[in-house]
Amino acid sequence: MSTNGLGFRLSGVGSALPEKVLTNVDLQAWMDTTDEWIRERTGIGQRHIGSSTTELATLACQRAMDAAGVGPADIDLLLLATTSPEHICPGTAPAVARELGLDCGALDIQAACSGWVYGLTIANGFLLQGMKRILVVGAEALDKITDYHDRGTGILFGNGGGAAVVEADPDGEGQMLGWDLGSDGNYVHILYAEHGDVLKMDGKEVFRQAVKAIQRTVNNTMKMATDAGHDVSLDDVALIIPHQANIRIVESAWKKLGLSMDKTAMILENTGNTSGATIPMALHDSLIKDRIQNGDLVLFVGFGAGMTWGSALVRWNGS
Ligand code: COA
């Protein structure tokens, strides 16, 4: 599906973090690890815990709607990317919709840490079908499925929420120039949680596969954009907003792609890996820091359990 020439913009962005912080030093009290090791090997200094997926999603969505200046009647669809839903059934999105006063369609996306990028591209498809405005939120209460006594996984994960109001841009100044989604179910066993259990992970293999997936999806998205006639290259990208599980994954992939960390939006030190919430939270952080201007090219890159991966290149036309 080509995206050439069709307007697409993120008109409001918001995020939410629980108040309670779990630092690396806190973890040292009951885990055989050190603040120094975690910072050096992952880039993480702390993570937030507490609250719930529904609460964090609702707060992030409300803030995004306020930023966009829209109310419940203006939203045509709610897409919630989460790895930590409240129930096996039903999805968490209908409860979030209820909290926001929405009665539109509401569904969960389970694509792990790639979920929000999947949501962004699905929203783009629905805009092409005639919808006007879609909430795309990523929210996680990963503390419910993380064993904070296991040093292989407990150092990594935290809670949070991030959301964007995604809408058609009639002027066509904002656009999704290219995108890519992928998966490889041969790697289910390297990162998973069974019903009622915590996350299990083969960290080294996840690291290896993530670096490969990032390179592949970034190249595919740039190819789609250029095949569609857009004169763009990676050098033209003003800001890259990657999923963040371990800073060394991003650094390794960037080295192979020739990308600079200076052009990268990182929040991992303060949040840990918040799965589907990471990318929209990093986007919100970048907007607060005034790192994105209208007309800029912004590249979103996700990867995670499944394995899944995805990326999207957006010509920014924010509110
Ligand atoms: N604190 C202190 N030491 C630790 C430790 C911790 N939290 N975790 C592992 N170690 C030790 C190991 O026991 C090992 O010691 P040894 O050499 O004496 O045997 C040494 O550190 C190296 O272990 P290793 O497993 O090779 O560490 P690593 O550099 O691969 O880092 C992860 C482990 C989990 C941080 C890393 O593999 C990772 O981030 N993987 C990707 C995870 C991810 O991205 N998940 C989400 C995807 S969306």
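These figures come from a predicted structure and were not determined experimentally. (Residues numbered from 1 in each chain as written. Predicted model: local features only at pLDDT ≥ 70, side-chain atom pairs only at ≥ 80, totals over all residues. Heavy atoms only, no water.)

Observations concerning the domain arrangement of the protein chain
Part 1 of the argument: Each assigned domain of the protein chain is listed with its residue range as follows: domain 1 (7-169) and domain 2 (175-315).
Part 2 of the argument: On a C-alpha basis, the centres of domain 1 and domain 2 stand 15 Å from each other.
Part 3 of the argument: Taken residue by residue, the interface counts 46 residues in domain 1 and 45 residues in domain 2.
Part 4 of the argument: At the boundary of domain 1 with domain 2, total buried surface from both sides reaches about 3600 Å², with 66% on carbon and sulfur atoms.
Part 5 of the argument: For the domain 1 face of the interface with domain 2, the top three residues by lost area are Cys113, Val117 and Tyr118, together amounting to 16%.
Part 6 of the argument: Here domain 1 is connected to domain 2 by one salt bridge. (Domains from an automatic or database assignment. Contact = heavy atoms within 4.5 Å. Buried area = accessible area lost by both parts, 1.4 Å probe. Salt bridge = Lys/Arg side-chain N within 4 Å of Asp/Glu carboxyl O.)

Some details on the layout of surface pockets
Part 1 of the argument: Of the volumes computed, that of the largest pocket is approximately 830 Å³.
Part 2 of the argument: Lining the largest pocket are 34 residues, with Thr83, Pro85, Gln110, Ile145 and Ala193 sitting closest to its centre.
Part 3 of the argument: Mapped by element, the contributors of at least two residues to the lining of the largest pocket are strand 5 (105-109) and strand 9 (191-192).
Part 4 of the argument: Inspection of the lining of the largest pocket shows a minimum of three residues originating in each of domain 1 (7-169) and domain 2 (175-315).
Part 5 of the argument: Estimates place the volume of the second largest pocket at around 560 Å³.
Part 6 of the argument: Taken together, 29 residues form the lining of the second largest pocket, with Met201, Gly203, Lys204, Phe207 and Asn246 sitting closest to its centre.
Part 7 of the argument: Those elements giving two or more residues to the lining of the second largest pocket turn out to be helix 2 (35-42), helix 6 (203-227), helix 7 (247-257) and strand 12 (297-304).
Part 8 of the argument: Per-element accounting of the lining of the second largest pocket gives the leading share, five residues, to helix 6.
Part 9 of the argument: Classifying every residue of the lining of the second largest pocket gives 14 nonpolar, nine polar and six charged. (1 Å grid on protein atoms, 1.4 Å probe; cavity = no way out; pocket = protein on both sides within 12 Å on 5 of 7 lines; lining within 4 Å. Points joined across faces, edges and corners; volume = space filled by probe spheres on them. Helix = DSSP H or I, 4+ residues; strand = E, 2+ residues; numbered from the N terminus. Nonpolar A, V, L, I, M, F, W, Y, C, P; charged D, E, K, R; others polar.)

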